[in-house]
Amino acid sequence: MKSYLINDLRSGMKIAEPVFTSKGQIVMDAGTVLTSALISRLSYYNIRSVSIEDPEKTGPAPAAEGKESPAVSATPNRSRASNPSYSQKVKSQPEFMAYQIEYSKEVNSLREVFDHIIKNPNAPINIPQILNDCSKLTALTKTTVDLFDKLHNMRLDDDSVYSHCLNVALIARQMGKWMHFSPEDLDILTLCGLFHDIGKVQIPDEVLNKPGKYTDEEFALIRQHPAASYHLLKNLPIDERIKHAALMHHERCDGSGYPQKLKSAEIDDFAEIIAIADVYDAMTAARSYRSPLCPFQAINMFEKDGLQLYSPKYILTFLNRIANTYQNNRVLLNNGQSANIVMINSKHLTRPMIQLDDGSVVDMLNLPEWEIIKII
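These notes cover the structure that comes with them. Since the model is a prediction, treat every value here as computed from it, not as a measurement.

## Quick word on the nonpolar core
Membership of the largest hydrophobic core comes to 97 residues, with the highest contact counts inside it found for Ile117, Phe195, Leu233, Phe302, Phe318 and Ile354. Setting aside residues up to four positions removed in sequence, Phe318 forms contacts with Ile171, Met175, Trp178, Ile276, Tyr280 and Phe302. With 15 residues, the next largest nonpolar core counts Tyr4, Leu9, Met28 and Val50 among its residues.

## Section: the environment of Cys165
Tracing the backbone shows Cys165 in helix H7 (residues 160-178). Spatially, the C-alpha atoms of Cys165 and Leu191 are 9.5 Å apart, while their sequence positions differ by 26 residues. When neighbours within four sequence positions are excluded, Cys165 is seen to be in contact with Leu110, Phe114, Gly193, Leu194, His196 and Asp197.

## Quick look at helix H4 (residues 94-119)
In an α-helix there are 3.6 residues to a turn, and that puts residues three or four apart on one side. Under the 1.5 Å per step criterion, the end-to-end length of H4 is 38 Å for 26 residues, consistent within 8% with the ideal 38 Å. All of the buried residues in H4 are Phe96, Tyr99, Glu102, Tyr103, Glu106, Val107, Leu110, Val113, Phe114 and Ile117. Here the buried face of H4 lies against helix H3 (86-91), helix H5 (127-138), helix H6 (144-152), H7, helix H8 (183-195) and helix H11 (225-233).

## Considerations on H7
Given a rise of 1.5 Å per residue, 19 residues ought to cover 27 Å, and the 27 Å separating the end C-alpha atoms of H7 matches this to within 8%. In terms of residue burial, H7 counts as a mostly covered element, since 17 of its 19 residues are buried. Looking one or two residues past H7, His180 carries a phi angle of roughly 60 degrees, positive in sign.

## Brief notes about the pairing of strand E7 (residues 353-356)
Only one face of E7 is covered, namely the one carrying Ile354 and Leu356; the face carrying Met353 and Gln355 has none of its residues buried. Looking at chain direction, strand E6 (residues 338-343) and E7 are connected through four bridges and run antiparallel. Looking across to E7, one finds that Ala339 is bridged to Leu356. Sheet analysis places E7 next to strand E8 (residues 361-363), joined by three bridges and oriented antiparallel.

## Quick look at the sheet that holds E7
Strands sit in the order E8-E7-E6-E5-E9 across an open sheet of five strands; the sheet is antiparallel. Where the open sheet ends on each side, the last strands, each with one partner, are E8 and strand E9 (372-375). Direction aside, neighbouring strands of the sheet carry axes that sit 40 degrees apart on average. Pairing of strand E5 (residues 330-333) with E6, which is carried by three bridges, proceeds in the antiparallel orientation. Each residue of the ladder has a partner; that of Arg330, found in E6, is Asn340. Packed onto the sheet, helix H14 (residues 295-305) meets E6 and E9 and runs at close to 140 degrees relative to E9.

## Structural notes on the packing of aromatic side chains
Scanning all chains against the criterion turns up 10 aromatic pairs. Arranged with centres 5.6 Å apart and planes meeting at 45 degrees, the rings of Phe114 and Tyr162 form a pair that is tilted. Of this pair, Phe114 sits in helix H4 while Tyr162 sits in helix H7; the two residues are 48 residues apart in sequence, bridging distant segments of the chain. Each member of the pair, Phe114 as well as Tyr162, is classed as buried. Aromatic side chains Phe181 and Phe270 sit 5.6 Å apart centroid to centroid with 10 degrees between the ring planes, which places their arrangement in the stacked category. Taken together, the residues Phe181 in the loop between H7 and H8 and Phe270 in helix H13 (residues 269-284) connect sequence positions 89 residues apart. Residue classification places Phe270 among the buried residues on the basis of a relative accessible area of 6%. An aromatic cluster is present here, built from Phe148, Trp178, Tyr280, Phe302, Tyr310 and Phe318 joined pairwise through their rings. Lying over the aromatic face of Tyr99, Lys150 brings its terminal NZ or CZ to 5.8 Å of the ring centre. One cation-aromatic arrangement involves Arg241 over Phe270; the distance from NZ or CZ to the ring centre is 4.7 Å.

## Observations concerning the environment of Met364
Inspection of the secondary structure puts Met364 in the loop between E8 and E9. Of the residues examined, Met364 reaches a relative accessible area of 0% and is grouped as buried. Taking the C-alpha atoms as reference, Met364 lies 9.6 Å from His348; in sequence the two are 16 residues apart.

Each value, and the rule that gives it
Residues numbered from 1 in each chain as written. Predicted model: local features only at pLDDT ≥ 70, side-chain atom pairs only at ≥ 80, totals over all residues. Heavy atoms only, no water. Core = buried A, V, L, I, M, F, W, Y, C linked by side-chain atoms within 4.5 Å. Buried < 20%, exposed > 50% of the residue type's maximum accessible area, 1.4 Å probe, protein only. Contact = heavy atoms within 4.5 Å. Helix = DSSP H or I, 4+ residues; strand = E, 2+ residues; numbered from the N terminus. Expected span 1.5 Å × (residues − 1). Pairing = 2+ DSSP bridges. Axes fitted to C-alpha atoms, helices over the stretch in contact; angles between N-to-C directions. Phe/Tyr/Trp six-rings, centres within 6.5 Å; stacked < 30°, edge-to-face > 60°. Lys NZ or Arg CZ within 6 Å of the ring centre and 35° of its normal.

What follows is the structure, encoded as structure tokens:
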């Protein structure tokens, strides 16, 4: 048995001891054979290292019973390897650079607004100006894929709370458009996202950005941020849904959330939307302790764990829209091959029909050991 850092784990390794989250919840049992999806799951739960059985006891990654996989190569296609990565292509576009400038301005403006609220809790804020600033960003994205491409590549690690709030606002606004919300409700939803984590600003950076496991005291402090956010907003003359989103965005439909352990009917609708946008942005953002998950890995985690946690009318719309955003996109598989997405499977969004570089078309439903790990 040997301890491995998450970045050193490989598919086929076998977990030697049960793995627990900082809350004490079990993530993986001893004997679990790792896949890239399970390694991503460990990263998502901030697990830094795990105990692995000795190599001679660890078999290869499990294959699908009764299915023959097409021959695969561990070496990516030469023509793909010679091209810039998807992220590089996005970042090299002139419109991305214009977006980056406006995004940075908005993050700084949000910082100033938060500081004003904290220092002057009963003073009014300029809501029209805040919305106007945010609208400049939305005007710079033409399509859904354009929005998410820019957000996935727009990470300001030193401004994590502010950039996260801005990202959640933009994602939630897009969700509102998919749900055909009125312009007025879209604005309220945007404000819900912008202010939902304001209470985190008061948490010390060494706790908020700690890469390792939280102590019980640190975790208790983190869990106070929804109530802290609500306290900062409660006396402002703003829509009550903004305050509710701040207080309730960590509540879950099955009652497992916090701070009040509310259930479905008790949670504000806008808070439910913010909860989904909040978790998706957290999954797809880089952290000091892990790489960002690709959209299909995030969708996979929602499909496994989230359908009972979030309102079906919001989570199903969100996942379907996100997956279909990447229809026809080029992706990298966990076996080193690249492919084009031919058709999204509506019943299992992370297992589409794909076309490999040799021209063959395969259905990932028949190849459960294959996973999409990157948009390229």
